[in-house]
Amino acid sequence: MRALYWDGHELVSRSSYPAPSSRPKIEDGESRIVGTTGSRAETSDNQSAVVKVHLAGICSTDLQIFKGYMGFTGVPGHEFVGSVNEGPAELIGKRVVGEINFGCGQCDACRRDLSRHCPNRNVMGILNADGAFADYVSAPVANLHVVPENVPDEEAVFTEPLAAAFEMLTQIELNPGDDVLVLGDGKLGNLCAQVLRLTGAKITALGKHAEKLALIRKAGVRTILLNEWQTHLFDVVVEATGSASGLELALSAVRPRGTLILKSTIAGNHQVSLAPIVINEINVIGSRCGPFAPALEALANKRISVTPLIDRIYSLSDGIAAVAHAAKPGARKILLRSS
């Protein structure tokens, strides 16, 4: 099969990469780690499926991987929609999206339904498991969610990052009138702003790009250009800039005893004083992956708009050019089509 492969130094396109299988894993040179392409994504109940990828999204985390984040090697990509090609009979041919954390199923975290924090987990396209920048990808059956018929592939491919935005609503309680700032006008910042707006809170998005802020504004969110920013304190600040500099700005915008939600994952190190967290008694919450069910429901009910975020769809065969486009300043969502 075709796949993009990251060797730790260079992203290359391979035309004959070993395809995954839902059959028991056979150890060989290409399949030395659980969940790699050429093997299946094993879980404790040994149920996995092979999905024919329709569309895969290139996100900021993928770009950080190419800068050394997580020390990953293999096939990247964790945002996808596809159809089940191999697996349980009831799923064959179904369109699905998939959660990206493959827990062991037996540790304390997994028993507490926190498999995303399993210390032995594999993470699709990020940690010890090949991802979706390929014709096929393997995932545990328990991680798959059937896509509603009225949600096209171009919307369904946003399920994973949209779920990450919904995760915030499982971590904090917002009320109408709460003053919330979303830092970052990129794809995740846009989704975070739209999800938070559903609570009735007062949402403001701050970013560098007028055209991206215009997309957020169409969703009914107040926006401010960074060069027009005047210091103002908010009850909740969401840091979704994808840059190391975002944390310092975020800390300066949280009112005492306010809440800071961290969404960015970067390859570099933050160099900022944490004293304001103590002095101002700020609640800091890390927020990563989230629940797929409310994300799919929001897409099905058209409560969230995602297709304006699409910049361009490339063929998987042109994946190297697609990644280069995604890395350009100001680029919106770049998708890969494997068919």
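(A) Local environment of the sheet that holds strand 6 (residues 101–102). Read from one edge of the open sheet, three strands run 6-7-8, paired in mixed fashion. Where the open sheet ends on each side, the last strands, each with one partner, are strand 6 and strand 8 (128–129). Where strand 6 and strand 7 (residues 122–124) come together, two bridges link them in antiparallel fashion. The residue bridging Phe-102 from the neighbouring strand is Asn-122, located in strand 7.

(B) Layout of the pairing of strand 15 (residues 254–262). In this sheet, strand 15 lies alongside strand 14 (residues 234–239) in parallel orientation, the contact comprising five bridges. Counterpart to Glu-239 in the pairing with strand 15 is Leu-262. The parallel pair strand 14 and strand 15, bridged by helix 7 (residues 246–253), forms a crossover whose chirality is right-handed. The sheet contact formed by strand 15 and strand 16 (residues 283–286) spans four bridges and is parallel. By the bridge assignment for strand 16, Leu-262 is matched with Gly-286.

(C) Structural context of the pattern of salt bridges. Applying the stated criterion to the full structure yields nine salt bridges. The residue Glu-79 makes a salt bridge to Lys-333 at a minimum N-O spacing of 2.8 Å. Of this pair, Glu-79 sits in strand 4 (residues 79–86) while Lys-333 sits in strand 18 (residues 333–337), and the two are 254 residues apart along the sequence. By the burial criterion, Glu-79 is buried, and Lys-333 matches it. Across the pair Arg-112 and Asp-108 runs a salt bridge, and its minimum N-O distance is 3.5 Å. A relative accessible area of 54% places Arg-112 in the exposed class.

So, how was this worked out
Residues numbered from 1 in each chain as written. Predicted model: local features only at pLDDT ≥ 70, side-chain atom pairs only at ≥ 80, totals over all residues. Heavy atoms only, no water. Pairing = 2+ DSSP bridges. Helix = DSSP H or I, 4+ residues; strand = E, 2+ residues; numbered from the N terminus. Right-handed = clockwise from strand over helix to strand, strands pointing away. Salt bridge = Lys/Arg side-chain N within 4 Å of Asp/Glu carboxyl O. Buried < 20%, exposed > 50% of the residue type's maximum accessible area, 1.4 Å probe, protein only.

Honestly, it's all geometry; don't read function into it.
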